[in-house]
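Each chain, letter by letter, is given below.
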Amino acid sequence: MAVGLAGGVVTLLQLPLGYVSDTYSRRLVFAGSLTLGALGAGTVALAPSYAWLLAGQVVVGIGVAGHHPAHYPMLSSATDEERRGRAYSVHGFAGALGLAAPFSVVPAAYLLGYDWRVAFGAVAVAGGLYAAVALVALRPVGREVTHPPDPRPLPGRGAFRPSNAVPVARRAGRGLRAEARSLAGAPPVLLLTLLWFSNSVAGWGVKTYTPALLGGYGLAPADASLVSSAMLGVGAVVLLGGGVLADRVGSLPVMTAGYAALVLVAGTLAWGLSPPRRPWWSSSRCRRPSTCRGPRARSSPTRPRPATTWGRTSR
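Fair warning: this is a prediction, and the values are worked out from it, not measured in the lab.

1. Considerations on the overall build of the protein
Along the backbone of the protein there are 12 helices and 2 strands. Along the protein, helices (α) and strands (β) appear in the sequence α-α-α-α-α-α-α-α-α-α-α-α-β-β when read from the amino end. Within the span of the protein, comprising 315 residues, buried residues form 25% of the whole. Sequence separation of 24 or more characterises 76% of the internal contacts of the protein that already satisfy a separation of 6 or more.

2. Side note on the confidence of the model for the protein
Residue-level pLDDT values for the protein average 77, and 76% of them are 70 or greater. Scored below 50 in pLDDT, residues 280–284 shows 1 contact in the model against residues more than four places distant or in partner chains. Overall, residues 293–309 carries pLDDT values under 50, and its contacts beyond four positions in sequence, including any with other chains, amount to 25 contacts.

3. Section: the nonpolar core
Judged by nonpolar contacts, V10, L17, V29, F30, L34, A65, A70, M74, A131, A134, L138 and V145 together constitute the single largest core of 12 residues. Those elements that place two or more of their residues in this core are α1 (2–23), α2 (26–45), α4 (67–78) and α6 (116–138). Excluding residues within four positions of it along the chain, L138 makes contact with R27, F30, M74 and T146. Ranked by size, the runner-up nonpolar core spans 5 residues in total, among them A2, V44, A47 and L54.

Rules and cut-offs
Residues numbered from 1 in each chain as written. Predicted model: local features only at pLDDT ≥ 70, side-chain atom pairs only at ≥ 80, totals over all residues. Heavy atoms only, no water. Helix = DSSP H or I, 4+ residues; strand = E, 2+ residues; numbered from the N terminus. Buried < 20%, exposed > 50% of the residue type's maximum accessible area, 1.4 Å probe, protein only. Contact = heavy atoms within 4.5 Å. pLDDT = per-residue confidence, 0-100. Core = buried A, V, L, I, M, F, W, Y, C linked by side-chain atoms within 4.5 Å.

This is how it looks when you write it as structure tokens:
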């Protein structure tokens, strides 16, 4: 539920933050995303209850939601067309490594005798330090990169008075409707949006639930998380090669070949590694565990190490 809550917040805020980035300032969206992402991770690390953990996930979702609306316009403005594919591949490479890092930090924390709170706290500290460095490095960058072509001035303090809430909401609604109409009038954008939706569903599903699936086969949670980290690390390396190829042969052939290979590999793995299921017409149950196949037969319950003090686990 916590993972789905963060993903839902990201989905809901894509268009609003895209409007802010295209209308006012990309730097503002970028700065807010970095700051709120680190704050959300820290809230999760310090959460005294499940409700607070969910609140931290909401803040994390707000932080994650602003990255794409800010990153891609700045990358497009800062690079020429001949090198744009490599720029996007470096961006994707760093993003994949960033996604892989938490899957490695949590097992490392357990190996050192700490628990997941310390791991999330480390991620929050690293995110806060990166936010400070990135915002300082972005200061000398020209406004043609950090702002849209004809930026509007940010609303003043008077715009946030209760009496102005309705007019501001109406203007925001008109802006969102204009964004939706522009998307509806561009079929390639709609097709790529559908493709990205399918890719995100598959990608987030694999990244999020692979440790749980491997745990069903008897693999320890820390080792299962390392598998996800290794998977994302390999993807990061492949992204670098894909950017170079896209600049040489074009983005469409690379994208088509990549998704075709993905379907082939996923189908092969599903066919060869998935445990066989009992036919629907069979009512018999497996009576001998030695002849059963699947997660339940192979796994043996493992007890998590109880926390003795905040942030540490007993050995």
